[in-house]
Protein chains: 2
Amino acid sequence: MFVVVVYDTLAQRNPRILKTCRHYLHWVQRSVFQGELSDAQHRSFTQTVKRQLDTEYDSVLIYRIQSPQLVQTETIGQHPGTTSPVL
Amino acid sequence: MFVVVVYDTLAQRNPRILKTCRHYLHWVQRSVFQGELSDAQHRSFTQTVKRQLDTEYDSVLIYRIQSPQLVQTETIGQHPGTTSPVL
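For clarity, every value in this text was computed on a predicted model and none was experimentally measured.

### Describing the sheet that holds strand β2 (residues 26-29) of chain A
Step number 1: Strand order in the open sheet formed by five strands is β2(A)-β3(A)-β1(A)-β4(A)-β5(B), and the pairing between neighbours is antiparallel. The two strands at the open ends of the sheet, each matched to only one other strand, are β2 of chain A together with β5 (71-77) of chain B. Across the sheet, the axes of successive neighbouring strands diverge by a mean angle of 25 degrees, strand direction being ignored.
Step number 2: Most of the contacts of helix α1 (residues 14-24) of chain A go to strand β1 (residues 2-8) of chain A, to which it runs at about 175 degrees, and overall it touches β1 and β3 (32-36) of chain A.
Step number 3: Against the sheet, helix α2 (residues 39-52) of chain A contacts β1, β3 and β4 (59-65) of chain A together with β5 of chain B, and its axis sits at roughly 25 degrees relative to β5(B).

Shown next as structure tokens:
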């Protein structure tokens, strides 16, 4: 499956979430990662993220699409992934 | 089409982009909007955003999927759209 992840976490937890996202996905924009995951990888990713979040304050949004062929991506302005990830 | 928009703009331009996104889409998380747009609405949206950005510094990422039925959305932690949009 193709996955887009957008996180909104308290700054102190950003480095942990960033590390987990980097392990499974590619960075595309501040707080946005995308990539292809198997069902098992998706399960493992969400379980890891759940342990790292404070669910009272943080939010991680995950869009799942069966195949990357079903998604068209456009960027206006600076192109994704061309600069370093910002925490 | 179903559209997910994630923007990363300089703070001073955030209110303009936020207003444009709100006009066309629903707010779901900090800097994230989604919704259904016709081809004409999508053209109008991207043209407006292009005029409002400084393309040297800002980035707006747009994911287009033919139908919302092709997308599964998961939220871990705070649910999207349940609090006020933060600029």
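That covers the picture; the talk isn't over yet.
### Re the interface of chain A and chain B
Step number 1: On the chain B side, the residues contacting the 38 residues of chain A number 38 residues.
Step number 2: Carbon and sulfur atoms supply 52% of the area that chain A and chain B bury against each other, a total of about 3300 Å² over both sides.
Step number 3: Its largest share of buried area at the contact with chain B, chain A owes to A:Tyr63, A:Glu74 and A:Ile76, together 23% of the area lost on that side.
Step number 4: Inspection of the chain A/chain B interface yields four salt bridges.
Step number 5: In this structure, the connection of chain A to chain B is made through 26 residue pairs in polar contact (both at pLDDT 80 or more).
Step number 6: Those elements giving two or more residues to the side of chain A that touches chain B turn out to be β1, β2, β3, α2, β4 and β5 (71-77) of chain A.
Step number 7: Residues that form the side of chain A that touches chain B fall into these classes: 18 nonpolar, 13 polar and seven charged.
Step number 8: Two elements, β4(A) and β5(B), share seven bridges in a ladder whose sense is antiparallel. In the sheet register, A:Leu61 faces β5(B), and the bridge partner there is B:Thr75.

Parameters at a glance
- Throughout, residues of each chain are indexed from 1 in the direction in which the sequence is written.
- The order in which chains are written sets their letters, starting at A; the order in which ligands are written sets their numbers, starting at 1.
- Given that this is a predicted model, residues contribute local features only at a pLDDT of at least 70 and side-chain atom pairs are listed and counted only at 80 or more, while totals for whole chains, interfaces and linings are drawn from all residues.
- Neither water nor hydrogens contribute to the side-chain values; these are computed over all heavy atoms in the structure.
- Strand pairing follows a simple DSSP-based rule, namely that at least 2 bridges must link the two strands.
- For the purposes of this entry, the term helix denotes a DSSP run of H or I that reaches at least four residues, the term strand denotes a run of E that reaches at least two, and both are numbered from the N terminus.
- What counts as an axis is a line fitted to C-alpha atoms, over the stretch in contact for a helix, and the angles between N-to-C directions run from 0 to 180 degrees.
- Any two residues whose heavy atoms approach within 4.5 Å at even a single point are treated as in contact.
- Note on definitions: buried area is the accessible-area loss of two parts on being combined, 1.4 Å probe, summed for both.
- Think of a salt bridge as a Lys or Arg side-chain nitrogen and an Asp or Glu carboxyl oxygen that are within 4 Å of each other.
- For the purposes of these results, a polar contact is taken to be a pair of N or O atoms within 3.5 Å, where, inside protein, one atom must be able to donate a hydrogen and its partner to accept one; residues adjacent in sequence count only when each atom of the pair is a side-chain atom.
- Side-chain classes are defined by residue name, with Ala, Val, Leu, Ile, Met, Phe, Trp, Tyr, Cys and Pro counting as nonpolar, Asp, Glu, Lys and Arg as charged, and the others, Gly among them, as polar.

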